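Reading the structure
Here's the letter readout for the chains.
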Amino acid sequence: MIAQIYGKLIGMEEDTCLIDIGGICYEVMLAGYAVSELSSKIGSDITLCTMEYLEGTPGKGNLTPRMVGFLTPSEREFFKRYTSVKGLGIKKGLKSLTIPIETIAAAIENGDEKLLLSLPAIGKRLAQVIIAELKGKLEDFAAVGQAISGAAATGSGFKIYQVEAMEILVAWGEKRNEAIELIELASKKHPNIKTAEELVPLVYRIKQGIEV
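The structure presented is a predicted model; accordingly, all values stated were derived computationally and were not measured. (Residues numbered from 1 in each chain as written. Predicted model: local features only at pLDDT ≥ 70, side-chain atom pairs only at ≥ 80, totals over all residues. Heavy atoms only, no water.)

A few words now on the packing of helix 2 (residues 73-82) against helix 4 (residues 101-109). Packing of helix 2 against helix 4 brings their axes to within 11 Å, and their N-to-C directions diverge by 40°. Comparing the axis directions of helix 2 and helix 4 gives the class oblique. Handedness of the helix 2/helix 4 crossing: left-handed. Facing Glu75, Phe78 and Tyr82 of helix 2, the residues of helix 4 in contact are Ile101, Ile104, Ala105 and Ile108. Grouping the constituent residues of the contact of helix 2 with helix 4 by class yields six nonpolar, no polar and one charged. (Axes fitted to C-alpha atoms, helices over the stretch in contact; angles between N-to-C directions. Helix = DSSP H or I, 4+ residues; strand = E, 2+ residues; numbered from the N terminus. Parallel < 35°, antiparallel > 145°, perpendicular 65-115°, else oblique. Left-handed = near helix turned anticlockwise from the far one by under 90°. Contact = heavy atoms within 4.5 Å. Nonpolar A, V, L, I, M, F, W, Y, C, P; charged D, E, K, R; others polar.)

Our focus in this paragraph is the nonpolar core. Within the largest apolar cluster, 47 residues are counted, with the highest numbers of intra-cluster contacts made by Leu48, Tyr82, Leu116 and Ile130. Apart from residues lying up to four places away in sequence, Ile130 is in contact with Tyr82, Val85, Leu88, Ile108, Leu116, Ile122 and Lys135. Ala179, Ile183, Ile193 and Ala196 belong to the second largest nonpolar core, which has 17 residues in total. (Core = buried A, V, L, I, M, F, W, Y, C linked by side-chain atoms within 4.5 Å. Buried < 20%, exposed > 50% of the residue type's maximum accessible area, 1.4 Å probe, protein only.)

On to the packing of aromatic side chains. Tallying each qualifying case throughout the model produces three aromatic pairs. Ring plane angle 20° and centroid distance 5.2 Å describe the contact between Phe78 and Tyr82, whose orientation is recorded as stacked. Here Phe78 and its partner Tyr82 are both found in helix 2, four residues apart, which amounts to about one turn of the helix. Given the relative accessible area of 0%, Phe78 is considered buried. Here Phe78 and Phe141 contribute two aromatic rings whose centre-to-centre distance is 5.6 Å and whose plane-to-plane angle is 75°, an arrangement assigned as edge-to-face. Of the two residues, Phe78 sits in helix 2 while Phe141 sits in helix 7 (residues 139-153), which places them 63 residues apart along the sequence. No difference in accessibility class separates Phe78 from Phe141, as the two residues are buried. Clustering of aromatic rings is evident, with ring pairs tying together Phe78, Tyr82 and Phe141. (Phe/Tyr/Trp six-rings, centres within 6.5 Å; stacked < 30°, edge-to-face > 60°.)

Moving on: the pattern of salt bridges. What the rule picks out here adds up to six salt bridges. We note a salt bridge from Glu77 to Arg81, for which the minimum N-O separation is 3.3 Å. Of the two residues, Glu77 and Arg81 are both situated in helix 2; the distance of four residues between them amounts to about one turn of the helix. For Glu77, a relative accessible area of 33% puts it in the partly exposed group. Linking Lys124 and Glu113 is a salt bridge whose minimum nitrogen-to-oxygen distance equals 2.6 Å. Placement of the pair is Lys124 in helix 6 (residues 124-134) and Glu113 in helix 5 (residues 113-117), with a sequence separation of 11 residues. Put simply, Glu27, Glu55, Arg66 and Lys91 are held in one network by salt bridges that share partners. (Salt bridge = Lys/Arg side-chain N within 4 Å of Asp/Glu carboxyl O.)

Written as structure tokens, this is what we have:
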């Protein structure tokens, strides 16, 4: 399975993008929130975490391979859990994700049926099933959303690469609130940094007092 692709973003549609990798062009399906994030990056090199599936009816010989792209590994893992709900397949799942997955995860954990009903393709019965099957299983994703909301409340408004850096730092044992503060400081000192891979080492340099 192709788990990650890196290449030049050469085109965007309503729910897909085209990525040129060494002269081979891949069509990748995207959720709405990812389309919004990537729409300004046409012509730039991007990295997507991916998953593959076969679209069609097994046994009828008309299966078509598809690739779905996500901005972070965490988003891909959320999507796998999200689409495990009966009645919520790949296409319906992607169509419904018009807002950040952290916000959706928090809504599920809080039993916020009203927010789920505001998502495309999610009716009342399906919203109830999603909450019943996933509540208590998305705490990590919801916690990221709450941390981002807290950062936004202080005027910081995290971007995707900063969220990814925070996930890495927390996974390595840093406290979430401290990680947010260090990321904000590192980003302020180095405004040209735009990837988690560049940001995380800078955070540790600041934490260790190597850079002040």
